[in-house]
Amino acid sequence: MITLAHLSDIHIDGSGRNEARARQVVDYLAALPGRVDAVLVTGDLTEQGRPVDYGTVRAVVAPLEVPVLFCPGNHDERGAFRRTLLGIDGTGPANQAVEVAGASVLLLDSVVPGRPEGELAPETLAWLDSALSRSDGPAFVALHHPPVALGIPELDAMRLGNPDDLERVLARHPRVAGVFCGHAHTGAASTFAGLPLRAAPGVKNTTLLPWEHDGDVTRSDAPVGLAFHLYADDVLTTHYRSL
Ligand SMILES: [Fe+2]
Ligand SMILES: [Fe+2]
């Protein structure tokens with residue numbers, strides 16, 4: 001069995017408020033009597049991409065004694081993300097392949113610098129195709145931007161712009177067992193390319209559904225949340241937690 005904790009959109013900004021909410025999730029995970037195999041954080045790690053805020057991200061996740069996997073979001077700055085969290089220079093897409101408990105986690109960079117919506121560059125799609133060809137066993141794809149509409153117009157307008165390109169790659173690799181995303185700021189379960197698609201709740205705040213608000217789509221006093229993903233016997237199960 002593979003177990004992942006999945007949080008997203010911590011938006012560290014130096015104010016202390018978002019950092020405190022991120023620490024709440026990390027402290028919860030660190031205090032559990034059992035451990036997950038890894039913690040996945042699907043982007044918008046910082047609000048403005050400032051290097052100092054990536055230092056705070058590192059400090060916030062330090063109590064976790066399992067691998068922490070990051071992908072960047074539209075609020076991140078690719079160069080600072082690469083240098084500070086991955087330890088690699090450069091400005092190209094920060095795609096990563098990580099092996100966790102016998103599974104491959106492919107972390108994709110869907111950032112379009114300066115834009116809220118996402119796009120997978122041709123080099124990222126080629127990288128994914130190659131990475132999925134390299135080994136066997138279950139694989140999971142993680143990226144910031146949801147590749148499907150989730151029924152929230154403000155969010156759906158800035159989702160992944162080229163989901164068909166991603167679907168074509170995934171169709172060549174039946175070992176892919178699920179897709180994880182962030183950006184939604186709401187825990188959501190959907191499907192994409194015939195696969196389970198799971199969006200993590202937002203740590204910073206929660207995006208409301210059209211019938212939950214009359215103008216302000218964001219709720220800042222919503223509880224902090226995260227997801228746990230379990231994969232066993234070819235089935236992906238997700239549990240959502242509010243803290
Ligand atoms: Fe976000
Ligand atoms: Fe985002």
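Going by what an unreviewed UniProt entry lists, the protein chain is known as Calcineurin-like phosphoesterase family protein and is assigned to Umezawaea tangerina.

Novice: What is the right way to read the environment of Asp-89 from this model?
Specialist: Checked against the element boundaries, Asp-89 lands in the loop between helix H3 (78–86) and strand S4 (96–100). Note on Asp-89: relative accessible area 61%, which makes it exposed. Separated by eleven residues in the primary sequence, Asp-89 and Arg-78 have C-alpha atoms spaced 9.8 Å apart. For Asp-89, the contacting residues outside a window of four places in its chain are Arg-82 and Arg-83.

Novice: Even after reading the chapter, I still don't get the coordination of the iron ion (ligand 1), so can you show me in this structure?
Specialist: By definition of the ideal shapes, four donors in a tetrahedron about a metal sit 109.5 degrees apart, and six donors in an octahedron sit 90 or 180 degrees apart. For the iron ion (ligand 1), every protein donor is listed as Asp-9 (OD), His-11 (NE2), Asp-44 (OD) and His-185 (NE2), and the spread of their distances is 2.0 to 2.2 Å. Each of the four donor atoms bound to the iron ion (ligand 1) contributes to angles spanning 88 to 175°, and the resulting shape is irregular. Of note, the iron ion (ligand 1) draws all its donor residues from one chain, in the sequence arrangement D-x1-H-x32-D-x140-H. Here the iron ion (ligand 1) and the iron ion (ligand 2) are spaced 3.4 Å apart, with Asp-44 acting as a shared donor. Asp-9 sits in the buried class, given a relative accessible area of 0%.

Novice: I'm lost on the side chain of Thr-46 in this one. Help?
Specialist: Secondary-structure assignment places Thr-46 in the loop between strand S2 (38–42) and helix H2 (51–61). In this structure Thr-46 comes out as buried when scored by relative accessible area, which is 0%. Apart from residues no more than four positions distant in its own chain, Thr-46 is found in contact with His-11, Ile-12, Asp-53, Tyr-54, Val-57, His-75 and Asp-76.

Novice: What's the story with H2 in this structure? I'm lost.
Specialist: Since the α-helix turns once every 3.6 residues, residues separated by three or four places project in the same direction. Taken as a whole, H2 has its buried residues at Asp-53, Tyr-54, Thr-56, Val-57, Val-60 and Val-61. Considered in projection along H2, the buried side chains sweep an arc of 155° and stay on one side of the axis. Residues of H2 that are exposed and point more than 90 degrees away from the buried face comprise Pro-51 and Val-52. Those residues of H2 that are buried are in contact with helix H1 (17–31), strand S3 (68–71) and H3.

Novice: What should I look at first to understand the sheet that holds strand S1 (residues 2–7) in this one?
Specialist: Hydrogen bonding along the main chain pairs the strands of a sheet, whether they run parallel or antiparallel. Sheet architecture is open: five strands sit in the order S3-S2-S1-S12-S13, paired in mixed fashion. Where the open sheet ends on each side, the last strands, each with one partner, are S3 and strand S13 (235–242). Within the sheet, the average angular offset between the axes of one strand and its neighbour, ignoring direction, is 25°. Two elements, S1 and strand S12 (residues 225–232), share five bridges in a ladder whose sense is antiparallel. The residue of S12 that forms the bridge with Ala-5 is Phe-228. Along the sheet face, H1 touches S1, S2, S12 and S13 and points at about 40° away from the line of S12.

Novice: What should I look at first to understand the packing of H1 against H2 in this one?
Specialist: How two helices sit against one another is set out by the angle between their axes and by the gap between those axes. At a closest axis distance of 9 Å, the pairing of H1 and H2 adopts a crossing angle of 30°. With respect to their mutual orientation, H1 and H2 come out roughly parallel. For the element pair H1 and H2, the recorded crossing hand is right-handed. Contacts between H1 and H2 involve Glu-19, Ala-22, Arg-23 and Val-26 from the former and Thr-56, Ala-59, Val-60 and Val-61 from the latter. Among the residues making up the contact of H1 with H2, the classes are represented as five nonpolar, one polar and two charged.

Novice: Sorry if this is basic, but what is going on with the coordination of the iron ion (ligand 2) here?
Specialist: The coordination sphere of the iron ion (ligand 2), as far as protein atoms go, consists of Asp-44 (OD), Asn-74 (OD1), His-144 (NE2) and His-183 (ND1), spread over 2.1 to 2.3 Å. Here the iron ion (ligand 2) binds four donor atoms, and the angle range of 87 to 161° at the metal identifies the geometry as irregular. For the iron ion (ligand 2), the donor residues sit on a single chain with the sequence spacing D-x29-N-x69-H-x38-H. Classification of Asp-44 as buried rests on a relative accessible area of 2%.

So, how was this worked out
Residues numbered from 1 in each chain as written. Chains lettered and ligands numbered in written order. Predicted model: local features only at pLDDT ≥ 70, side-chain atom pairs only at ≥ 80, totals over all residues. Heavy atoms only, no water. Helix = DSSP H or I, 4+ residues; strand = E, 2+ residues; numbered from the N terminus. Buried < 20%, exposed > 50% of the residue type's maximum accessible area, 1.4 Å probe, protein only. Contact = heavy atoms within 4.5 Å. Donors = N, O, S within 2.8 Å, 3.2 Å for Na, K, Ca; no water. Tetrahedral: all angles 85-135°; square planar, octahedral: opposite > 155°, others 65-115°. Arc of directions from axis to C-beta. Pairing = 2+ DSSP bridges. Axes fitted to C-alpha atoms, helices over the stretch in contact; angles between N-to-C directions. Parallel < 35°, antiparallel > 145°, perpendicular 65-115°, else oblique. Left-handed = near helix turned anticlockwise from the far one by under 90°. Nonpolar A, V, L, I, M, F, W, Y, C, P; charged D, E, K, R; others polar.

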